Each structure stands twice: as structure tokens, then as C-alpha cells.
Amino acid sequence: MSDRVCNFSPGPAVLPVPVLEQAQRELVALPGLGISALEISHRSKWFEGVLAETKALLTELLAIPAGYSIVFLQGGSNLQFSMIPMNFLRGTGKPADYVVSGTWGQKAVQEAQKEGPANVAWDGKADNYSRLPNAGEPKLTPDAAYVHITSNETIQGVQFQADPAFGSSPLVCDASSEFLSRPVNVAQYGMIYACAQKNAGIAGVTVCILRNDFLERVPADLPTMLDFKAMVKNDSLYNTPPVFAIYITNLICKWLQSEVGGLTKMAERNREKARLLYEAVDSGFYRGHAQPACRSQMNVTFRLPSEELEKAFVKQAEKHQLYELKGHRSVGGIRASIYNAMPLEGVKTLRSFMDEFRKRNG
Ligand code: PMP
């Protein structure tokens, strides 16, 4: 493993080495089965076990209360931007409210508007998506079909610091880039969804956690593949699910539980990693994008005094085995994605490089 570099990619992102090693060991033949996870039937006893165990592990890690269902879908979080309004907005005669806190929130509301009335209840554009609203700021519709939020904006690097409360309509949360990074009060949500390729596994599977009474609102005439109720009824097995991707999510959950010790421990580690980088951002020369009260613990975004210096930073970082630090073109600058599997050592190496770069160029 010595030839691995520090991968700060926003997703697909770094995976825990023990997970990669187990997947490697089992790649040609699963123990006792002689078939690999890439080849085995989704109707096999083995996969039945993986599916049930992954749901049980997620339930335990997130302390999901009774009355919720978990499904594993394809199409990424982008499909959810359409599937959610198809299932929960269409035909309700009510609007849905969207809190737009960055690029992903924008995409979510744009897709919803194709399905029905979707209001922008709050938009952080005036502040270049550098902050999040307080509880009273969004203009909420009384009795909205639902309120949609993005708990962590991957591109801008803003994150709700705690589960937000916005009115009494069901809260629907795109948690893609912070899922499993800290404990969540699931009972506060009608639905939480996350594509796996950041904290929960590899591209190809999206985890959806839905409150069962919210599911009752799904209209009867949806195409089956886009119908949450049908997906729940068939336990994610209506069609062939992404077997290998779900197996990796299973290994990640086990890693979180047995090697990390759960989400409270994971959150402590993540806080410390983020602290190390924001401390460097705050010591002059660098300029953080997110306002301090809304800073993401997953995606640390900052600028340098000039674009030339930003280019030099990215290039020189690679000499220290620090990769994928270029910010998204819409924000510019630098973005260090430090998801669960990014080790503290990797963050320390980046911190030293930031200090050294500032001394040389500041
Ligand atoms: N929402 C958020 C917050 C994201 O970070 C991403 C992916 N970067 C998406 C949605 C879209 O996910 P996918 O590419 O799996 O459709």
C-alpha cells in the first residue's frame, strides 16, 4: 500500500484501506463460495445476507428509529432530484420548499420545478453560497409537501452544524457528502438520501432512508423503477441491484462500527481533521470561502491571494503526494475533501504543506 497518495477528491473518494484489502482478498472468490462479489446472483443467500446486514448496520450506526425503511437505488443523487418530486410533490396540490445553499441545492430545485411547484424558500446566492440560513430565514409555505435541504454543499463547503428545523413539513435531506460522518437525529427527517461515493462506498449505489408514513403519499401511477414504495416493497430487489457497490457499503459500515467505534467517534476524528486545516486557513494568506459558522468538516474550501499561487499550490502539493486539491471551477481556489476515510496523517501532511507554502509565498 506504500504507493498510495493522499487523495482529496470530492468523490469518488478515498476508501478505508482495510475495506480495499478485504475486497481485494475476496475479489476472486468469496470465502466458502468460490464466486466473487462481482459475479454472484443478487438472489443468492449470500447477497440476501449482505443486504439485511447492511440495513441492520446502518440502522445501528445512525440509530434509525422504528417506522423507517432503507432502500439502495441506482442513478446517483441526481436521480433523487427528480424522483423525490415525482413521489412526494406531483399531485399533492401543494408546493415544495427548497433551501438553496449551493450548487447541489440549485440542481435539486431545478429538477423539482419540472415536476410541480417548487419554491426557493431561501437562496444563498447573494453571499456567493458562503453561509446557511438561520431557522427563521427561509420563507416557508405552511403545509408544504416537503422542505428540501442539502446538509453539506460539496462544492462551496458549507454544512449545517446540527440537524436544522425548518417548519413542520417533512424534511428531505440530500446528505450525499456528509452521510455517516457524524450522528444524525433521523426522527427529524421524512427522508435522507446519499450517493455512496464519498463516505459510504463507491459510485453506483444511493442510500435512501424514508419514513414509512411519508411513503404513503407516493402516487400509484409512477413507473415502477421510480416508485419508492415499490422499491421498499421489493426490498431493493425489484431489478438487479448494484451488488458489488452494496457489498462495499457493507464493508464500510463494518469498518465504521468495529474499527472506528461508531459515528460519535467518527465525528470526533472528522472535527480534528477539519480543525487542523481551518487553523491554517485562519492564519493569514489563505482566505476561507465559507463563513466560519457554516464551515464544512468534509470539504474545506479556500482561496489564495492569486490564481497563479493557486495553480502553484496544486502543482507543488503533488510533489508531497497530495492530490485532487483543485477547487470546483464555480468557486475556484482549493478544495480539500477530507471524508471519513482520509486519515489524520494525510491531513497533517496537507497542513504542513499549507504552512510551508505560506512561509515561502506569503
Ligand atoms: N448532491 C451532493 C451534495 C453531491 O455532492 C453530489 C455529488 N457530488 C450529488 C448530489 C450528485 O450525486 P451523483 O453524482 O451521485 O448523482
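Here, every reference points to the structure presented above.
Please read these numbers as outputs of a predicted model, since none were measured by experiment.

Q: Explain the packing of aromatic side chains here, please?
A: Pairs of aromatic rings are described using the distance from one ring centre to the other and the angle between the two planes. Summed over all chains, the structure comprises 16 aromatic pairs. Relative to Phe357, the ring of Phe285 has its centre 6.2 Å away and its plane inclined at 50 degrees; by these criteria the two rings are tilted. Pair noted here: Phe285 is in the loop between helix 8 (263-281) and strand 11 (287-288) and Phe357 is in helix 10 (residues 344-361), with a separation of 72 residues, a long-range link. The class of Phe285 is buried, set by a relative accessible area of 19%. Take Phe357: its relative accessible area is 0%, and that puts it in the buried class. Here the aromatic rings of Tyr286 and Phe302 are separated by 5.3 Å at their centres, their planes lie at 80 degrees, and the arrangement is edge-to-face. A residue pair is termed long-range when its members are at least 10 positions apart, and Tyr286 in the loop between helix 8 and strand 11 and Phe302 in strand 12 (residues 299-303) qualify at 16 residues.

Q: When you look at unusual backbone geometry in this model, what are you seeing that I'm missing?
A: Across the chain, the bulk of peptide bonds are trans and the bulk of non-glycine residues have phi less than zero. Gly11 connects to Pro12 through a cis peptide bond whose omega is -10 degrees. The phi angle at Asn128 is positive, at roughly 55 degrees, despite the residue not being glycine. One non-glycine residue, Asp235, lies in positive phi territory at about 50 degrees. With respect to the helices, strands and loops of the structure, Asp235 is situated in the loop between helix 6 (228-233) and helix 7 (243-260).

Q: Mind showing me how you'd approach the nonpolar core here?
A: Among the nonpolar cores identified, the biggest contains 57 residues, and Trp46, Leu62, Phe179, Ile192, Ile209 and Leu256 are the most heavily contacted of them. Per element, the largest residue contribution to this core is 11 residues, and it comes from helix 7. Beyond its immediate chain neighbours, meaning those up to four positions away, Ile192 contacts Cys173, Ala175, Phe179, Val184, Val186, Val207, Cys208 and Ile209.

Q: Which parts of the structure should I look at to understand the site of the ligand?
A: Inspection of the region around the ligand gives 14 residues, with Asn78, Thr154, Asp174, Gln197 and Lys198 positioned closest. Residue Gln197 places a side-chain N or O atom 3.0 Å away from an oxygen atom belonging to the ligand. Protein contacts shield 86% of the accessible area of the ligand, which totals 400 Å² for the unbound molecule. Sorting elements by how many residues they give to the shell around the ligand places helix 3 (residues 76-88) first, with 4 residues. Looking at the shell around the ligand, its residues break down into 3 nonpolar, 9 polar and 2 charged.

Q: Help me understand empty space enclosed by the protein, please; the structure alone is not making it clear to me.
A: Regions of empty space are outlined by a rolling probe, equal in size to a water molecule, passed over the atoms. In the structure shown here, the tally under the stated rule is 2 cavities of 30 Å³ or more. Of the volumes computed, that of the largest cavity is approximately 90 Å³. Ser151, Ala175, Glu178, Val184 and Tyr189 are, among the 15 residues lining the largest cavity, the residues nearest its centre. Grouping the constituent residues of the lining of the largest cavity by class yields 10 nonpolar, 2 polar and 3 charged. Within this model, the second largest cavity holds a volume of roughly 40 Å³. Around the second largest cavity, the lining residues are Val14, Leu15, Pro16, Lys198, Asn199, Ala200, Gly201, Ile252, Trp255, Asn340 and Ala341. For the lining of the second largest cavity, the residue count by class is 7 nonpolar, 3 polar and 1 charged.

Rules and cut-offs
- All chains use their own residue numbering, which begins from 1 and follows the written sequence.
- It should be noted that, the model being predicted, local features are given only for residues of pLDDT at least 70 and side-chain atom pairs only at 80 or more, the latter also being counted only at that level, while totals for whole chains, interfaces and linings use all residues.
- Excluding hydrogens and water, the side-chain figures rest on all heavy atoms present in the structure.
- Between the rings of Phe, Tyr and Trp (Trp by its six-membered ring), a pair exists once the centres lie within 6.5 Å; its type follows the angle of the planes, with under 30 degrees stacked, over 60 edge-to-face, and the other angles tilted.
- The secondary structure listing takes helices from DSSP runs of H or I that are at least 4 residues long and strands from runs of E that are at least 2 residues long, numbered from the N terminus.
- Relative accessibility thresholds used throughout: buried, under 20% of the residue-type maximum; exposed, over 50%; partly exposed, between the two (1.4 Å probe, protein chains only).
- Among buried residues, the Ala, Val, Leu, Ile, Met, Phe, Trp, Tyr and Cys ones that are joined through side-chain atoms within 4.5 Å form a nonpolar core.
- Only heavy atoms matter for contacts: two residues are in contact if any of them lie within 4.5 Å across the pair.
- If a single non-hydrogen atom of a residue is within 4 Å of a molecule or strand, that residue counts as near it.
- Pairing of N or O atoms within 3.5 Å defines a polar contact, subject to two protein rules: one partner must be a possible hydrogen donor and the other a possible acceptor, and residues neighboring in sequence count only if both atoms are side-chain atoms.
- Method for areas: the Shrake-Rupley scheme with a 1.4 Å probe, in which residue coverage is limited to the protein chains shown.
- Each residue gets one label: Ala, Val, Leu, Ile, Met, Phe, Trp, Tyr, Cys and Pro are nonpolar, Asp, Glu, Lys and Arg are charged, and the others, such as Gly, are polar.
- For each structure, a 1 Å grid was placed over the protein atoms alone; sets of points admitting a 1.4 Å probe that cannot get out are labelled cavities, open sets with protein on both sides within 12 Å along at least five of seven lines are labelled pockets, and lining residues have an atom within 4 Å of a point.
- Grid points are joined across faces, edges and corners, and a volume is the space filled by probe spheres set on the points.

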